[in-house]
Amino acid sequence: MASGDILRLFVIVAGAYMLVKAVLSLAKRKMTEPFCLAWALLSTLMIFSGVLLNPSQLDRYISTRGLVLIIIVVSGILWGLWFISTQVSILKRRNQEMAMQISLLNNDCEKILKELEKLKKEK
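Conventions and cut-offs
- Residues numbered from 1 in each chain as written.
- Predicted model: local features only at pLDDT ≥ 70, side-chain atom pairs only at ≥ 80, totals over all residues.
- Heavy atoms only, no water.
- Domains from an automatic or database assignment.
- Contact = heavy atoms within 4.5 Å.
- Buried area = accessible area lost by both parts, 1.4 Å probe.
- Salt bridge = Lys/Arg side-chain N within 4 Å of Asp/Glu carboxyl O.
- Polar contact = N/O pair within 3.5 Å; in protein donor to acceptor, adjacent residues only side chain to side chain.
- Helix = DSSP H or I, 4+ residues; strand = E, 2+ residues; numbered from the N terminus.
- Nonpolar A, V, L, I, M, F, W, Y, C, P; charged D, E, K, R; others polar.

Student: What is the right way to read the domain arrangement of the protein from this model?
Tutor: A common way to express how large an interface is: the accessible area buried when the components associate. Segmenting the protein into domains produces domain 1 (1-61) and domain 2 (63-122). Here the C-alpha centroids of domain 1 and domain 2 sit 28 Å apart. Of the residues lining the interface, 19 residues belong to domain 1; the matching set on domain 2 comes to 15 residues. Note on domain 1 versus domain 2: buried area summed over both sides is about 1,600 Å², and carbon and sulfur give 72% of it. When the buried surface of domain 1 facing domain 2 is broken down by residue, Phe10, Phe35 and Trp39 rank first, second and third, together holding 33% of it. On inspection of domain 1 and its partner domain 2, the count reaches zero salt bridges. Between the two partners, domain 1 and domain 2, sit four residue pairs in polar contact (both at pLDDT 80 or more). Mapped onto the side of domain 1 that touches domain 2, the elements with two or more residues apiece are α1 (3-27) and α2 (33-52). Take the side of domain 1 that touches domain 2: its biggest share by element is eight residues, from α1. When the residues that make up the side of domain 1 that touches domain 2 are grouped by side-chain class, the tally is twelve nonpolar, three polar and four charged.

Structure representation (structure tokens):
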């Protein structure tokens, strides 16, 4: 199998895997919609580029060992970016929930202060 075919196969499989993972992350609420859309777009572009591009003379420039190293590095970078995206999404969701809880606490605090003022006026 030539290096160009290995690269094409990697790009197509990685794109399909990322697309499925993005949809599942959105369904499990691990990732927000903008991040999921960006990852879905990136994975679709990877699939199309893997199908349409044909690096026929890649063997002349990169050895098979070099290609494996590049695939490992790119996989690590993609995993790191994915991890950062999910963590930022989780933090954004927690921040929204905390803002709602603070709003409810402020509401309760205002009610308590009004009742306290009533009690002070009654004395």
